Amino acid sequence: MENEIIPIDNAVMFNMVMSKKENCQGFIERALGIKVANLTILETEKVMEADIDIKGVRLDVYVEDEQGNTFDVEMQANSNYKDYLGRRSRYYQSMMDTTSFRKGKKYYQLSNSYVIFVCTFDPFDEDRKYYTFNNLCRENTALELNDGSTKIFLYPKGTVGTVSKKLEAFLHYVETKEATDEYTKGLDDDVKSFSKDPQRRQAIMTVQDDMDFLNFLHKRELDVKDAIIADKDKEIAEMKQENAEMKQENAEMKQENAEMKAKMAELEAIVKALAAKQ
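Just so you know, these numbers come straight off a predicted model, no measurement behind them.

What follows deals with the overall build of the chain. Tallying secondary structure elements over the chain gives six helices and six strands in all. When the helices and strands of the chain are listed from N to C terminus, the series reads α-α-β-β-β-α-β-β-β-α-α-α. Here the chain, with 278 residues, has 34% of them falling under the buried criterion. Contacts in the chain between residues at least 24 apart in sequence constitute 63% of all its contacts with a sequence separation of at least 6.

Here it is as structure tokens:
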């Protein structure tokens, strides 16, 4: 419907809203709890290709501040990709590093990089508002690798854990569409404005249609794989049942053989007894 407001948890709308420098900077500062220096690069739907033989990655909102720190901001509303979010974030971060780390730089010059997902579903099923991942030593979790990489997953519906009031207001807005502070009111104004703009609305609907089709293909692929797995599981279950039945038959045959041997022994004993009497 033409007058319908397209919410911020629509990935394309999120990209448009975050394409405004003040919106993106405000979000990053709330998500990370830090002050971000002036953003010098801001691109939405940035495609990164390190090499023609390497899969290109499309980042929703890619940002670099004046210190060279890089940020990838993503809205994820499709739970079909839930099982791959960790690997997806790893790939995004590696491509960010490859792109920003120019020839001639030293390793110590590699900037900090952050991948931030806002998920409309619980990505790890722990009902947390905020999940943070850094590389740690498994033998001593207090020991960090300090490689400068951070992955964050936000879940607006989460009830476990506490976040700042500013971030809480943003999560509340994503979940309920209710703006409760100056920042979220600004976001809401942009959402409504972009929803009413014919060109932006058409762009959103076009991209959304493409995304829905890709999601449909992905789900169909998963359904086919699930069907194949289900068939194999059924075959395995039938084979196990057949094996169990064969084992039962073998056990019964062994029992019958044992009983026959016992009867033969009895007959032999009787025959020997009769022969002895003669």
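More follows now that the structure is in view.
As a further point, take unusual backbone geometry. Non-glycine residue aspartate 127 carries a positive phi angle of around 60°. For asparagine 146, which is not glycine, the phi dihedral falls at a positive 55°.

Moving on, we come to the confidence of the model for the chain. With 84% of its residues at a pLDDT of at least 70, the chain reaches an overall mean of 84. Overall, residues 47–57 carries pLDDT values under 50, and its contacts beyond four positions in sequence, including any with other chains, amount to 23 contacts.

As enumerated under the stated definition, the model contains nine aromatic pairs in all. When the centroid spacing of 4.9 Å and the interplanar angle of 50° are considered together, the rings of phenylalanine 27 and phenylalanine 170 count as tilted. Of this pair, phenylalanine 27 sits in helix H2 (residues 21–32) while phenylalanine 170 sits in helix H4 (residues 165–176); the two residues are 143 residues apart in sequence, bridging distant segments of the chain. When sorted by exposure, phenylalanine 27 lands in the same class as phenylalanine 170, which is buried. The ring of tyrosine 183 has arginine 30 lying over it, and the distance from NZ or CZ to the ring centre is 3.9 Å. Positioned above the aromatic ring of tyrosine 81, the side-chain terminus of arginine 88 is 5.8 Å from the ring centre.

Right, let's get into the packing of H2 against helix H5 (residues 182–196). Interaxial distance between H2 and H5 falls to 11 Å at its minimum, and their mutual angle equals 140°. With respect to their mutual orientation, H2 and H5 come out oblique. The interaxial crossing formed by H2 with H5 has left-handed handedness. Contacts between H2 and H5 involve Glu22, Asn23, Gly26, Phe27 and Arg30 on the former and, on the latter, Tyr183, Leu187 and Asp190. Along the lines of polarity and charge, the residues of the contact of H2 with H5 split into three nonpolar, two polar and three charged.

Before going further, it helps to spend a moment on H2. Taking 1.5 Å per residue as the helical rise, H2 with its 12 residues ought to reach 16 Å, and the 16 Å between its terminal C-alpha atoms agrees with that figure. In terms of burial, H2 is largely enclosed, as 10 of its 12 residues are buried. Asn23, Cys24, Gln25, Gly26, Phe27, Ile28, Glu29, Arg30, Ala31 and Leu32 are the residues of H2 that are buried. Just beyond H2, the residue with positive phi is glycine 33, at close to 70°.

Now for the nonpolar core. Most often, soluble globular proteins keep nonpolar side chains buried together rather than apart. In terms of nonpolar packing, the biggest core is built from 36 residues, with Met18, Phe27, Ile28, Leu154 and Phe170 touching the most fellow members. If you tally residues by element for this core, the top one is helix H1 (residues 11–18), at seven residues. Once you skip the residues sitting within four places of it in the chain, phenylalanine 27 turns out to touch Met18, Val73, Ile116, Val118, Leu154, Phe170 and Tyr183. The next biggest cluster of nonpolar side chains, apart from the first, holds 10 residues, and it includes Leu85, Phe121, Tyr131 and Phe153.

A cluster of like negative charges, contributed by Asp231, Asp233, Glu235, Glu238, Glu242, Glu245, Glu249, Glu252, Glu256 and Glu259, occupies part of the molecular surface. Relative to the assigned elements, aspartate 233 resides in helix H6 (residues 198–277).

Let's shift gears to a nonpolar patch on the surface. A cluster of nonpolar residues, Met264, Leu267, Ile270 and Leu274, forms a patch on the protein surface that exposes about 400 Å² of accessible area. Its location among the elements puts methionine 264 in helix H6.

Turning our eyes to something else, we now look at the pattern of salt bridges. Overall, the coordinates contain eight salt bridges when judged by the stated rule. In this structure, lysine 177 engages aspartate 9 in a salt bridge whose closest nitrogen and oxygen atoms are separated by 3.2 Å. In this pair, lysine 177 sits in the loop between H4 and H5 while aspartate 9 sits in the segment before H1, placing the two residues 168 residues apart along the sequence. The exposure class assigned to lysine 177 is partly exposed, which follows from its relative accessible area of 32%. A salt bridge links lysine 35 to glutamate 29; its shortest N-O distance comes to 3.9 Å. Through salt bridges with shared partners, a single ionic network connects Lys20, Glu22 and Asp190.

Okay, the side chain of asparagine 69 next. Inspection of the secondary structure assignment puts asparagine 69 in the loop between strand S2 (57–65) and strand S3 (70–76). With relative accessibility at 16%, the residue asparagine 69 sits in the buried group. A distance of 3.4 Å separates the side chain of asparagine 69 from the backbone nitrogen of asparagine 112, its partner in a polar contact.

Cut-offs applied
- Residues numbered from 1 in each chain as written.
- Predicted model: local features only at pLDDT ≥ 70, side-chain atom pairs only at ≥ 80, totals over all residues.
- Heavy atoms only, no water.
- Helix = DSSP H or I, 4+ residues; strand = E, 2+ residues; numbered from the N terminus.
- Buried < 20%, exposed > 50% of the residue type's maximum accessible area, 1.4 Å probe, protein only.
- Contact = heavy atoms within 4.5 Å.
- pLDDT = per-residue confidence, 0-100.
- Phe/Tyr/Trp six-rings, centres within 6.5 Å; stacked < 30°, edge-to-face > 60°.
- Lys NZ or Arg CZ within 6 Å of the ring centre and 35° of its normal.
- Axes fitted to C-alpha atoms, helices over the stretch in contact; angles between N-to-C directions.
- Parallel < 35°, antiparallel > 145°, perpendicular 65-115°, else oblique.
- Left-handed = near helix turned anticlockwise from the far one by under 90°.
- Nonpolar A, V, L, I, M, F, W, Y, C, P; charged D, E, K, R; others polar.
- Expected span 1.5 Å × (residues − 1).
- Core = buried A, V, L, I, M, F, W, Y, C linked by side-chain atoms within 4.5 Å.
- Patch = residues over 30% accessible without salt bridge, like charges linked within 9 Å, V, L, I, M, F, W, Y side chains within 5 Å.
- Areas by Shrake-Rupley, 256 points an atom, 1.4 Å probe, with all protein chains shown as cover.
- Salt bridge = Lys/Arg side-chain N within 4 Å of Asp/Glu carboxyl O.
- Lys, Arg positive; Asp, Glu negative; His and termini not counted.
- Charge placed at Lys NZ, Arg CZ, Asp CG, Glu CD.
- Polar contact = N/O pair within 3.5 Å; in protein donor to acceptor, adjacent residues only side chain to side chain.

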